[in-house]
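Observations on chain architecture
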Amino acid sequence: MKNRTTLAVMATGMGLGFSLSQIGFTDYAQMRGMLTLSDWRLMLVFMGAVAILMGAWRVLDGALRATSRPFHKGTIPGAVLFGAGWALTGVCPAVPLVQLGEGNLAAIVPLMGIIVGALVHPLVHRRFFRWSSGTCET
Amino acid sequence: MTTTWPWWMGAMALAGVTVGYWLLDRRVLGVSGIMTRALNRSTTTAGEQALLSDPSALEAAMLAATRAEFGESAGLPSSPDLQDACDASSIKAPLSRPQAALFLGSLMMGGLLSSLLRGGVSVRFALPEVFERSVGGGAAGFAVMFLGGILVGFGTRMSGGCTSGHGLTGCSRLQPGSLVSTVVFLGTAIVISLLLAGRVA
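Values in this document were obtained by computation on a predicted structure and should not be read as measured data.

A word on the overall build of chain A
A count of helices and strands for chain A gives six helices and zero strands. Each helix and strand of chain A, placed in order from N terminus to C terminus, yields the pattern α-α-α-α-α-α. Per-residue burial for chain A yields a buried fraction of 58% across its 138 residues. Put simply, of all contacts in chain A between residues at least 6 apart along the chain, 40% involve residues at least 24 apart. With an accessible surface of roughly 5,700 Å², chain A has 67% of that area assigned to carbon and sulfur atoms.

Here we look at the overall build of chain B
Of regular secondary structure, chain B possesses ten helices and zero strands. Reading the secondary structure of chain B in the N-to-C direction produces α-α-α-α-α-α-α-α-α-α. For chain B, buried positions account for 41% of its 201 residues. Long-range pairs, those at least 24 residues apart, make up 56% of the contacts in chain B with a sequence separation of at least 6.

Regarding the environment of Pro6(B)
All names here are of chain B. Inspection of the secondary structure assignment puts Pro6 in the segment before α1 (7-25). Exposure remark for Pro6: the relative accessible area of 27% places this residue in the partly exposed category. In sequence terms Pro6 and Ser56 are 50 residues apart; their C-alpha atoms lie 46 Å from each other.

So, unusual backbone geometry
In the Ramachandran plot, Leu37(A) falls in the positive-phi region, its phi being about 60 degrees despite a non-glycine side chain. Here Leu37(A) lies in the loop between α2 (28-35) and α3 (41-60). Classification of Leu37(A) by relative accessible area gives partly exposed; the value is 35%. Despite not being glycine, Leu174(B) has its phi angle at roughly 55 degrees, a positive value. Structurally, Leu174(B) can be placed in the loop between α9 (163-172) and α10 (176-200). Take Leu174(B): its relative accessible area is 48%, and that puts it in the partly exposed class.

Examining the interface of chain B and chain A
Contacts between the two partners involve 108 residues from chain B and, on the opposite side, 106 residues from chain A. Taken together, chain B and chain A are joined by zero salt bridges. Across the contact surface, chain B and chain A share 18 residue pairs in polar contact (both at pLDDT 80 or more). Of all elements in the fold, only α1, α2 (31-39), α5 (80-85), α6 (97-117), α7 (129-134), α8 (138-159), α9 and α10 of chain B reach the threshold of two or more residues within the side of chain B that touches chain A. Per element, the largest residue contribution to the side of chain B that touches chain A is 17 residues, and it comes from α10(B). Per-class residue counts for the side of chain B that touches chain A are 61 nonpolar, 37 polar and ten charged.

A short note on the confidence of the model for chain A
With 91% of its residues at a pLDDT of at least 70, chain A reaches an overall mean of 91. At the level of individual helices and strands, chain A shows its lowest average pLDDT in helix α6 (residues 108-129) of chain A, which scores 93, and its highest in helix α5 (residues 95-101) of chain A, which scores 98.

Focus on a nonpolar patch on the surface
On the surface, Leu105(A), Ile108(A), Met112(A), Val116(A), Val120(A), Leu116(B), Val121(B), Val123(B), Phe125(B), Phe146(B) and Leu147(B) cluster together into a nonpolar patch covering about 890 Å² of accessible area. Take the nonpolar patch: its biggest share by element is four residues, from α6(A). The residue Leu147(B) is located in helix α8 in this model.

Concerning the state of the cysteines
Summed over all chains, the structure comprises zero disulfides over all chains. Cys92(A) provides the cysteine sulfur closest to Cys162(B), a residue in no disulfide bond, and the two sulfurs are 6.1 Å apart. Owing to a relative accessible area of 1%, Cys162(B) belongs among the buried residues under this scheme. Cysteine Cys171(B) shares no disulfide, and the gap to the nearest cysteine sulfur, in Cys162(B), comes to 11 Å.

What to know about the packing of α9(B) against α10(B)
Residues and elements named next belong to chain B. The contact between α9 and α10 brings their axes to 8 Å, and the two run at 125 degrees. Comparing their axes, α10 and α9 come out oblique. Along this stretch, α9 crosses α10, giving a crossing that reads as left-handed. In this structure, α9 uses Thr163, Gly165, His166, Gly167, Gly170 and Cys171 to contact α10, whose residues at the interface are Gly177, Ser178, Leu179, Ser181, Thr182 and Phe185.

With respect to the pattern of salt bridges
Residues and elements named next belong to chain B. Overall, the coordinates contain two salt bridges over all chains when judged by the stated rule. Between Glu129 and Arg133 there is a salt bridge; the shortest N-O distance is 3.4 Å. Within this pair, Glu129 and its partner Arg133 are both found in helix α7, separated by four residues, close to a single helical turn.

Thoughts on the packing of aromatic side chains
Taken as a whole and judged by the stated rule, the model has eight aromatic pairs over all chains. Seen from their ring centres, Tyr21(B) and Phe103(B) are 6.1 Å apart, and the 55 degrees between their planes marks the pair as tilted. With Tyr21(B) in helix α1 and Phe103(B) in helix α6, this residue pair connects regions lying 82 residues apart in the sequence. You can call Phe103(B) buried: its relative accessible area is 0%. Here the aromatic cluster, defined as three or more aromatic residues joined through ring pairs, consists of Phe82(A), Trp86(A) and Phe185(B). The ring centre of Trp57(A) lies 4.2 Å from the NZ or CZ of Arg173(B), which sits over that ring. Here the basic side chain of Arg173(B) rests over the ring of Trp22(B), its NZ or CZ set 5.3 Å away from the ring centre.

Rules used in this analysis
- Residues numbered from 1 in each chain as written.
- Chains lettered and ligands numbered in written order.
- Predicted model: local features only at pLDDT ≥ 70, side-chain atom pairs only at ≥ 80, totals over all residues.
- Heavy atoms only, no water.
- Helix = DSSP H or I, 4+ residues; strand = E, 2+ residues; numbered from the N terminus.
- Buried < 20%, exposed > 50% of the residue type's maximum accessible area, 1.4 Å probe, protein only.
- Contact = heavy atoms within 4.5 Å.
- Areas by Shrake-Rupley, 256 points an atom, 1.4 Å probe, with all protein chains shown as cover.
- Salt bridge = Lys/Arg side-chain N within 4 Å of Asp/Glu carboxyl O.
- Polar contact = N/O pair within 3.5 Å; in protein donor to acceptor, adjacent residues only side chain to side chain.
- Nonpolar A, V, L, I, M, F, W, Y, C, P; charged D, E, K, R; others polar.
- pLDDT = per-residue confidence, 0-100.
- Patch = residues over 30% accessible without salt bridge, like charges linked within 9 Å, V, L, I, M, F, W, Y side chains within 5 Å.
- Disulfide = S-S within 2.5 Å.
- Axes fitted to C-alpha atoms, helices over the stretch in contact; angles between N-to-C directions.
- Parallel < 35°, antiparallel > 145°, perpendicular 65-115°, else oblique.
- Left-handed = near helix turned anticlockwise from the far one by under 90°.
- Phe/Tyr/Trp six-rings, centres within 6.5 Å; stacked < 30°, edge-to-face > 60°.
- Lys NZ or Arg CZ within 6 Å of the ring centre and 35° of its normal.

See below:
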């Protein structure tokens, strides 16, 4: 089982990184085009992927029950912060890693920020928020 | 940067990668979660990890705990949906730290492969042109990039997912938290992007 996980992780990581790069999600100008609704190509990629997945899960059965992403107190404020960061930097968590692979070394800057933010959150959560997220994660 | 993929090809690729992850290892794709795994020391004990790797032992342990709580006659529920939820083989051990790091490294490799296919890797260290025009350049620009990154890292952890976890996986499964999160982070990103674009005009 460990080897299968290793294979899955490598194949999915490479496939996702390759796709994000080829499609254009690592290009700030194209991300700005999507997020200003002036260029709908990337938005259609995203919406199309969700639509295909809806069909896929139905075919694969059982899959719909496997995860639970509950709506909790952190859902909305977290999404606002993420959305703001996404608009400013043009990146979602995977993108800076892909950009580094593309040779865009400046991506290390938002990546460092992401790491800091991800490490700081549980500290803040423990000290100030302390709400239930419905999962084992903080 | 030129791209040749029509939108439907991109959609198929992203969906394919997500389904592939599921088919290969019954895992749900969510990059911010994988990043969390790579950063934080695992909180599961060695004993728990061992149980998670052995479905029959896990099921026996779950049954024992259920009986301890509800009495000796307690067992599996009658409805197939609930039985499914109790299926020990569907409970995955989370990725180990090395496995999570391997995933993140593979993302990088994917980007490298993509650039090589495009004619070569051009190593550079510069802010994007559109960013510089609408946000700023130089040290101030890099500071905003860093702070923006903090917002992304903090926000995705607070919300419990990102564009892959909530956006692709959660929305396609109609998970309530994901639908809300996706609408909010997309909406916020659009509003702020329009404001930034307005600065150039």
